[in-house]
Amino acid sequence: MDCSRNETTVIGALARYQYTGKGFEGVYFGMLENTWQHELHWSPLNRRAWVLQERLLSQRNLHFRRRQLFWECQQHTACELTPKGFVGIVCPPYYYQKRLSLEHGALLRKYEDLPPDRLLDSFAIWRTIVSTYSNCGLTFKTDKLVAISALARHCQTQLGLEGEYLAGLWSKYLGNQLLWETHPYLHGKRQKTYRAPTWSWASMDDTVFDACDIQFSDERDIVIEVKGWKMDLVSTDVYGPVSGGYICISGRLARVVVCADTTDADHPAYKLKIKSEIFIPTRGSFQKDTLFADNSNTKVVDLYDDLLVMPIGKGVGYNNRGTIFDERGPHSWDGLVLKPIEGKEGVFHQLGKYCMISKDDELRFETAFKDFDLAAETHGLEFVSNGEMGNMYTVKIE
């Protein structure tokens, strides 16, 4: 391609500073610290879901922006102002870089203060992909699984990601992956037209966090047992869209209710209460998957009764803000809130995620678990006794 180039437009991408300090007088030029993010990562084009797949799987990309050219590959990110690559504070964070390698997965785990584990490096790559992808737009919402299918195939065949693909999740380390959550204030929607099971982040139209937040490959922090799963594929492509599916997991259960606090009408807060002779409020955080009824713009603010909560892991999905499981103490677990499906005994939809963080709540939940066990025969659920640890109930989640 041969065309004229006005070099002053490149200089215009710099911030100009006049400095009069003694010994350093002169004119200085500087780049914005987040130039890469503003110019590329957050651009309208790169906020499209289909583009992410094409961008990450291409060997090299050349981006034509208003002021200058940017380019990237699996080892390098650069622009005309920094042709040898971004360095120092202007270097884009690891999770904004176009790199699909196990080495990059190890760097992502280090960045998140997670312990080194080569078995989990490929899952760190997938976690970043899902977080970025869920923040991108789709013209046709039914493309949710289709527009990421090639990336799923690449992560498994080229990076060795283990497990069977389950509508955006993987059967290996499934317990951790069930504890994804959406942004508390973006009011995500679950599409009325079926797209994925409720336990999959792909059922939501919202930014997803902690979709593959796995801390330990020995799963020492997981307190459930995965019994099985089944996916109904639309075609022979295991990475493609699905028409149905379920998982069966076994764990402890307690009865809860959910109430809505509508003090702030724009951001209704949902509170979890233990169902006993009276409703006992808990201090932990409850993240409801969707705040809208069906596919409408009507916020759901009703009381949710006859719900169950199942602990999944101790300290899992905490976003790793400088702390990990061993530092959080015994009084914390994350679990799923389940809503029974009418007419299907023992079958549930996932309603949201709950994080138990209080010693007082731990004692209250222990009582609630025991109360549920006292009436074990009446629940219509398969269970086995685990001695002093209580009963383990098997539920099917669709």
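Residues numbered from 1 in each chain as written. Predicted model: local features only at pLDDT ≥ 70, side-chain atom pairs only at ≥ 80, totals over all residues. Heavy atoms only, no water.

(A) Representation of the overall build of the protein within the structure. The helix and strand inventory of the protein stands at 9 helices and 22 strands. Of the roughly 20,000 Å² that the protein leaves accessible, carbon and sulfur atoms contribute 52%. (Helix = DSSP H or I, 4+ residues; strand = E, 2+ residues; numbered from the N terminus. Areas by Shrake-Rupley, 256 points an atom, 1.4 Å probe, with all protein chains shown as cover.)

(B) Layout of the environment of Leu-272. Tracing the backbone through its elements, the reader meets Leu-272 in strand E15 (residues 269-275). On the basis of relative accessibility, which here comes to 2%, the residue Leu-272 falls in the buried class. (Buried < 20%, exposed > 50% of the residue type's maximum accessible area, 1.4 Å probe, protein only.)

(C) Up close: the confidence of the model for the protein. Looking at the protein as a whole, the pLDDT averages 83, with 81% of positions reaching at least 70. Per-residue pLDDT stays below 50 along residues 316-329; that stretch engages in 38 contacts with residues further than four places along the chain or on separate chains. (pLDDT = per-residue confidence, 0-100. Contact = heavy atoms within 4.5 Å.)

(D) Seen up close, the pattern of salt bridges. Applying the stated criterion across every chain, the model contains 16 salt bridges. Across the pair Glu-39 and Arg-65 runs a salt bridge, and its minimum N-O distance is 3.3 Å. Highlighted residues: Glu-39 in helix H2 (residues 35-41) and Arg-65 in the loop between strand E3 (60-64) and strand E4 (69-73), separated in sequence by 26 residues. Here Lys-230 makes a salt bridge to Asp-232, at a shortest N to O gap of 2.4 Å. What makes Asp-232 partly exposed here is its relative accessible area of 29%. The network of salt bridges with shared partners includes Glu-112, Arg-127, Asp-210 and Asp-213. (Salt bridge = Lys/Arg side-chain N within 4 Å of Asp/Glu carboxyl O.)

(E) Highlighting the packing of aromatic side chains. Taken as a whole and judged by the stated rule, the model has 16 aromatic pairs. Measuring from centroid to centroid gives 6.3 Å for Tyr-133 and Trp-201, while their planes differ by 80°, and the two rings are edge-to-face. Here Trp-201 lies in the loop between strand E9 (189-190) and strand E10 (204-205) and Tyr-133 lies in helix H5 (residues 121-133), a separation of 68 residues in the sequence. In this structure Tyr-133 comes out as buried when scored by relative accessible area, which is 1%. (Phe/Tyr/Trp six-rings, centres within 6.5 Å; stacked < 30°, edge-to-face > 60°.)

(F) Structural view of helix H9 (residues 359-374). Look at H9: 23 Å from first C-alpha to last across 16 residues, which is about the 22 Å you get at 1.5 Å a residue. Residues Asp-361, Glu-362, Phe-365, Ala-368, Phe-369, Phe-372 and Asp-373 constitute the buried set of H9. Buried residues of H9 fall within an arc of 140° about the axis and therefore sit on the same side. Facing away from the buried side of H9 by over 90 degrees, the exposed positions are Lys-370 and Leu-374. (Expected span 1.5 Å × (residues − 1). Arc of directions from axis to C-beta.)

(G) Molecular detail of the environment of His-63. Turning to its location among the elements, His-63 is positioned in strand E3. Under the relative-accessibility criterion, His-63 is labelled buried at 12%. Taking the C-alpha atoms as reference points, His-63 and Cys-79, separated by 16 residues in sequence, lie 9.1 Å from one another. At a separation of 2.8 Å, a polar atom in the side chain of His-63 contacts the side chain of Glu-72. (Polar contact = N/O pair within 3.5 Å; in protein donor to acceptor, adjacent residues only side chain to side chain.)

(H) Summary view of the nonpolar core. Ranked by internal contacts, the top residues of the largest apolar core, which has 62 residues, are Trp-126, Ile-129, Leu-178, Trp-201, Ile-249 and Val-395. With 7 residues, the top contributor of residues to this core is H5. Excluding its chain neighbours within four sequence positions, the residues that come into contact with Trp-201 are Trp-126, Val-130, Tyr-133, Lys-144, Ile-148, Gly-168, Leu-169, Trp-180, Val-208 and Ala-211. (Core = buried A, V, L, I, M, F, W, Y, C linked by side-chain atoms within 4.5 Å.)

(I) Local environment of the sheet that holds E4. Taken in spatial order, the 3 strands make up an open sheet running E3-E4-E5, and their pairing is antiparallel. If you trace the sheet from one side to the other, it starts and ends with E3 and strand E5 (77-79), each paired once. Ignoring strand direction, the axes of neighbouring strands in this sheet form an average angle of 15°. Sheet analysis places E3 next to E4, joined by 5 bridges and oriented antiparallel. Residue pairing in the sheet places Phe-64 in a bridge with Leu-69 of E4. (Pairing = 2+ DSSP bridges. Axes fitted to C-alpha atoms, helices over the stretch in contact; angles between N-to-C directions.)

(J) The arrangement of the environment of Ile-397 in detail. With respect to the helices, strands and loops of the structure, Ile-397 is situated in strand E22 (residues 391-397). On the accessibility criterion, Ile-397 (0% relative accessible area) is buried. Sequence separation between Ile-397 and Tyr-246 is 151 residues; the distance between their C-alpha atoms is 5.5 Å. Not counting residues within four places of it along the chain, the set of residues in contact with Ile-397 comprises Thr-198, Trp-199, Gly-245, Tyr-246, Ile-247, Ile-249, Leu-336, Leu-338, Phe-348, His-349 and Gln-350.

(K) Here's a closer look at unusual backbone geometry. The residue Ala-167 is not glycine, and still its phi comes out positive at about 50°. As for its placement among the helices and strands, Ala-167 is situated in the loop between strand E6 (165-166) and strand E7 (169-170). Non-glycine residue Tyr-173 carries a positive phi angle of around 60°. Its location among the elements puts Tyr-173 in the loop between E7 and helix H7 (174-177). You can call Tyr-173 buried: its relative accessible area is 4%.

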